[in-house]
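# Chain and residue survey
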Amino acid sequence: MSTVPTQPARKSGKNTIFIIAAVVVGGIGAATLLLGRQPSDVGSLGETDVGGLQELAVIQAQLRPLRACGIEYGERGRRMKSGSHTSVWVSACENDRFAGVHIEVPTSRQVEGVAFDLERSSVSEPWKILVDKNQVPFPELKRTLEQLTPYLVEEIPSRLAQAIEAKVAADRERQRRQAAEPARREASKNSYPE
């Protein structure tokens, strides 16, 4: 019985070609989706900082003392799927180690069709007032800010402090449970008869 020597199996170039084609097609698809979107649909891509405008200096002065680093208001994205005109999302600064809190806006202060983000990296900095100029006329932005600012100045300090306090209490309780867990497991393990 003789054995015929076989040649080692050749790796097909077809697999490589299929993988490259899949990557190219996927890349083209992703580019098409991104290019087909409006700037306001892709996060802050189409937003401009208007916080330095003299017409908004009073707003800046009122909001500066707040212990917050982010305020988001208004519906945005395709078909207004994110954000809200009925509440404001307020973000704490990083040193508070807390994400933020939703604050309901009274009906009399709500404005539909206006969306903006206020951002800063610390409480000592002025606010960036980011808005999509193609979607929100300046008079509407200014009117909305003038309407919301007194309410925000009144509500944010206590609501943010309560939320931070609740998070600190929850963190303490979680740490207490974690510290007690080894003793609980040991007691559970030793509770069975030998």
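Within each chain, residues carry numbers counting from 1 in the order of the written sequence. With pLDDT at 70 or above as the cut-off, local features in this predicted model cover only qualifying residues; side-chain atom pairs require 80 or more to be listed or tallied, and sums for whole chains, interfaces and linings still use all residues. Note that water and hydrogens are dropped before the side-chain values are worked out from all heavy atoms of the structure.

## Considering the overall build of the protein
As a reminder of what qualifies: Helix and strand assignments come from DSSP, with helices taken as H or I runs of at least 4 residues and strands as E runs of at least 2, each series counted from the N terminus. Summary of the burial criterion: residues with accessible area below 20% of their type's maximum are buried, those above 50% are exposed, and those between are partly exposed, where the area comes from a 1.4 Å probe applied to protein chains only. Contacts are assigned to residue pairs with any non-hydrogen atoms lying within 4.5 Å of each other. For every accessible area listed, the method is Shrake-Rupley and the probe measures 1.4 Å; residues are considered covered only by the protein chains on display.
Scanning the protein for helices and strands turns up three helices and six strands. Helices and strands in the protein line up, N terminus first, as α-β-α-β-β-β-β-β-α. The buried share of the protein, taken over its 194 residues, is 29%. The long-range share in the protein, meaning contacts at least 24 apart out of those at least 6 apart in sequence, stands at 67%. Total accessible area computed for the protein in this model is approximately 13,600 Å², and 56% of it derives from carbon and sulfur atoms.

## What to know about helix α3 (residues 138-189)
Quick note on the threshold: The length a helix should cover is 1.5 Å for every residue beyond the first. Each residue is assigned a bend, namely the angle between axes fitted to the seven residues that terminate at it and the seven residues that start at it.
End to end, α3 covers just 67 Å across 52 residues, shorter than the expected 76 Å (1.5 Å per residue, more than 12% under). Roughly 35 degrees is the biggest bend found in α3, and it falls at Leu-152.

## Observations concerning the packing of aromatic side chains
Put simply, the rule reads: For Phe, Tyr and Trp, where Trp contributes only its six-membered ring, two rings pair if their centres lie within 6.5 Å, and the inter-plane angle classes them as stacked under 30 degrees, edge-to-face over 60, or tilted in between.
Taken as a whole, this structure holds one aromatic pair when the rule is applied. Pairing Tyr-73 with Phe-116 gives two aromatic rings, centres 5.7 Å apart and planes at 35 degrees, and the pair type is tilted. You can see Tyr-73 sitting in strand β2 (residues 70-76) and its partner Phe-116 sitting in strand β5 (residues 116-119), a full 43 residues away along the chain. Of the two residues, Tyr-73 and Phe-116, neither departs from the other in class, the shared state being buried.

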